[in-house]
Amino acid sequence: MTVVELADQLHALLLPGVECSVPSCQRLADKLQQVVVHLQQNCEGIAGPAALTDAPQKDADASDNVKRLSADEPEVPVTASVQQAAVMPVSRKSKRKLAKPFLIESYQQRYVALEVFYLGWQYHGFASQCGTEGTVEGLLFNAMQKAKLIAEGATWQQVNYSRCGRTDKGVSAAGQVIALLLRSASKTGEPALLEEDEMDYSLKLNKELPADIRVLAWCTVPADFSARFSTAHREYTYYIVQHGQLDIAAMQQSAAYFVGEHDFRNFCKLDLEHVKSFRRRILDFQVKKVQPAGTDGRALYALHVKGTAFLWHQVRCMAAVLMMVGNRLEHPEVVQQLLDIEQNPCKPQYRYASETLQIIEHAADRHRIGSSIYMHLAEKLKSDTYYVHQTINNERHSHGITAALHVKILKREKEPDIAQRLRAWSEIQSAHS
């Protein structure tokens, strides 16, 4: 029996009383031939197409290769099995079997610096933390693994990872910089690609990242480059939303005292485990009105500071004191007095400015790409909730406290001095060792 004859009989079995045209019969025969080929390749003891075409007619009892349907066997199971076999996706399954696993070890690596933009309002800071999800750094590493740019479970040491700095929960960045080894498009043993011929790391990563985290640019860097220690300077901008007018002249006078190298122990959150010196250099500090008061009476101000390095919460502490000066709750010289650690060795207790509108502007060495962060910032400022956060350290507004009840910052209760804290910290470490 030929395949065409078998197709004709199968059509009569499935659609009794319906005439089978020659093209339809031929298409059915082709499908049956594909099924037979597939069964022959995947099952033992199955006759091939030639056997079906050339085999002589034999009785059903004498046939060793083909089992025919007898009169007393039910038709439904045979029909169902033929229908299932006829629609089997032969070619796709074969392709899946031939697919080879992706071996990242077969590719070369390229040491690159990435410039990253992110809106930090919904993230738990930039740096990855043990037991904390939702960090910008964690999402970046997940994207790199999904894009097969680093191996699954790769450690920072294995990819020579470094970052310019960390930002707190809620802080955004327009130019954060990280550096690490990423997979190149060239395989091991092939000539290394020129930078212009390399894959677009920005495009590849942005496909895997959420919309509020973007890789703006990348470039190849030398082997001794460090995103932290090779950075020439860092810039931050702190935005203030204020009802009424701030005394910009007084704030600028006060901000000028920050410029230069000083001990900023009274303008930071102490981290004695990692930091023993609190001297930092501020290169520039500007205070300006970005947007005049609108119909709602709110104006937008910016504190822009540039320095070589910053302590933990240093920008927020400086912003808090300058806001008090701008609201005429403190005199401009208070900054100069707080920087004099001989006269004021212990930090007065005051609350930090909110992290919501602090932005790390520029962390790259001679490289910067503009971003749309200010557009997103303007959208955020439309919400009244952010006005409440921004005035948390404005003690004339935060809880209805009047200027007459404001306690001068130098007369407030002091935190323990550095020497006392270091002794206490050393005792704790000795007890645990």
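Residues numbered from 1 in each chain as written. Predicted model: local features only at pLDDT ≥ 70, side-chain atom pairs only at ≥ 80, totals over all residues. Heavy atoms only, no water.

Brief notes about the overall build of the chain
When helices and strands are counted, the chain shows 13 helices and 9 strands. Pairs at least 24 residues apart make up 74% of the contacts formed inside the chain by residues separated by at least 6 positions. Put simply, the chain shows about 23900 Å² of open surface, and 53% of that area lies on carbon and sulfur atoms. (Helix = DSSP H or I, 4+ residues; strand = E, 2+ residues; numbered from the N terminus. Contact = heavy atoms within 4.5 Å. Areas by Shrake-Rupley, 256 points an atom, 1.4 Å probe, with all protein chains shown as cover.)

Observations regarding the environment of R228
Inspection of the secondary structure puts R228 in the loop between strand 4 (213-220) and strand 5 (234-243). Separated by 63 residues in sequence, R228 and G165 have C-alpha atoms that sit 6.5 Å apart. Apart from residues no more than four positions distant in its own chain, R228 is found in contact with S162, R163, C164 and R234.

Notes on the nonpolar core
If you look at the biggest cluster of nonpolar residues, it comprises 43 residues, and the most contacted ones within it are F258, F267, F285 and L303. Where this core is concerned, the elements lending two or more residues are strand 5, helix 8 (248-256), strand 7 (279-291), strand 8 (298-307), helix 9 (314-326) and helix 10 (334-339). No other element matches the 10 residues that helix 9 contributes to this core. Contacts of F267, omitting those with residues within four sequence positions, involve F258, H313, Q314, C317, M318, V321, V335, L338, L339 and Y350. With 28 residues, the next largest nonpolar core counts L140, A143, A154 and V215 among its residues. (Core = buried A, V, L, I, M, F, W, Y, C linked by side-chain atoms within 4.5 Å. Buried < 20%, exposed > 50% of the residue type's maximum accessible area, 1.4 Å probe, protein only.)

Quick word on the pattern of salt bridges
Here the structure, examined in full by the defined rule, presents 7 salt bridges. Two residues, R110 and E198, come together in a salt bridge whose shortest N-O distance is 2.9 Å. Of this pair, R110 sits in strand 1 (residues 107-118) while E198 sits in the loop between strand 3 (172-187) and helix 7 (201-206), and the two are 88 residues apart along the sequence. In this structure, R281 engages E261 in a salt bridge whose closest nitrogen and oxygen atoms are separated by 3.3 Å. Residue R281 is found in strand 7, and its partner E261 is found in strand 6 (residues 260-263); the two are separated by 20 residues along the sequence. For R281, a relative accessible area of 38% corresponds to the partly exposed category. On the basis of relative accessibility, which here comes to 40%, the residue E261 falls in the partly exposed class. Residues joined by salt bridges that share partners form a network here, namely E261, R279 and R281. (Salt bridge = Lys/Arg side-chain N within 4 Å of Asp/Glu carboxyl O.)

Section: the packing of helix 8 against helix 9
Relative orientation of the contacting elements helix 8 and helix 9 amounts to 145°, with a least axis distance of 8 Å. Between helix 8 and helix 9 lies a crossing of right-handed hand. In contact with A250, M251, S254 and A255 of helix 8, helix 9 contributes L322, M323, V325 and G326. Classifying every residue of the contact of helix 8 with helix 9 gives 6 nonpolar, 2 polar and no charged. (Axes fitted to C-alpha atoms, helices over the stretch in contact; angles between N-to-C directions. Left-handed = near helix turned anticlockwise from the far one by under 90°. Nonpolar A, V, L, I, M, F, W, Y, C, P; charged D, E, K, R; others polar.)

Here we look at the packing of aromatic side chains
Using the criterion set out here, one finds 11 aromatic pairs in the structure. Ring centres 5.0 Å apart and planes at 50° place the aromatic pair W156 and Y161 in the tilted group. Using a relative accessible area of 34% as the deciding quantity, one classes W156 as partly exposed. Aromatic pair F258 and F285: ring centres 5.5 Å apart, planes at 20°, arrangement stacked. Of this pair, F258 sits in the loop between helix 8 and strand 6 while F285 is found in strand 7, placing the two residues 27 residues apart along the sequence. As far as the burial class goes, F258 and F285 line up, both buried. An aromatic cluster of at least three residues, connected via ring pairs, comprises F258, F264, F267 and F285. Between the NZ or CZ atom of R183 and the centre of the ring of Y107, over which it lies, the distance is 5.0 Å. In this arrangement the basic side chain of K347 is found over the ring face of Y350, its NZ or CZ atom lying 5.1 Å from the centre. (Phe/Tyr/Trp six-rings, centres within 6.5 Å; stacked < 30°, edge-to-face > 60°. Lys NZ or Arg CZ within 6 Å of the ring centre and 35° of its normal.)

What about the confidence of the model for the chain?
The pLDDT averaged across the chain works out to 77; a share of 69% of its residues lies at or above 70. Every residue in residues 362-373 is under pLDDT 50, and counting partners more than four places away or in other chains gives 36 contacts. (pLDDT = per-residue confidence, 0-100.)

Examining unusual backbone geometry
In this structure, N160 takes a positive phi of about 55° despite not being glycine. Here N160 is to be found in the loop between helix 6 (136-146) and strand 2 (162-163). The backbone of H313 sits at a positive phi, close to 65°, despite the residue not being glycine. Position of H313 among the secondary structure elements: in the loop between strand 8 and helix 9. Owing to a relative accessible area of 12%, H313 belongs among the buried residues under this scheme.

Describing the side chain of R110
Given a relative accessible area of 11%, R110 falls into the buried group. Side-chain polar atoms of R110 contact the backbone oxygen of L193, separated by 2.6 Å. At 3.0 Å, the side chain of R110 forms a polar contact with the side chain of T220. Ignoring sequence-local partners within four residues, the contact set of R110 consists of L180, L181, L182, L193, L194, E195, E198, Y201, W218 and T220. (Polar contact = N/O pair within 3.5 Å; in protein donor to acceptor, adjacent residues only side chain to side chain.)

Examining helix 6
With 8 of its 11 residues buried, helix 6 lies for the most part within the structure. Within the sequence span of helix 6, burial applies to V136, E137, G138, L140, F141, A143, M144 and Q145. Packed against the buried residues of helix 6 are strand 1, strand 2, strand 3, helix 7 and strand 4. Count one or two residues on from helix 6 and you reach K148, which has phi positive near 60°.

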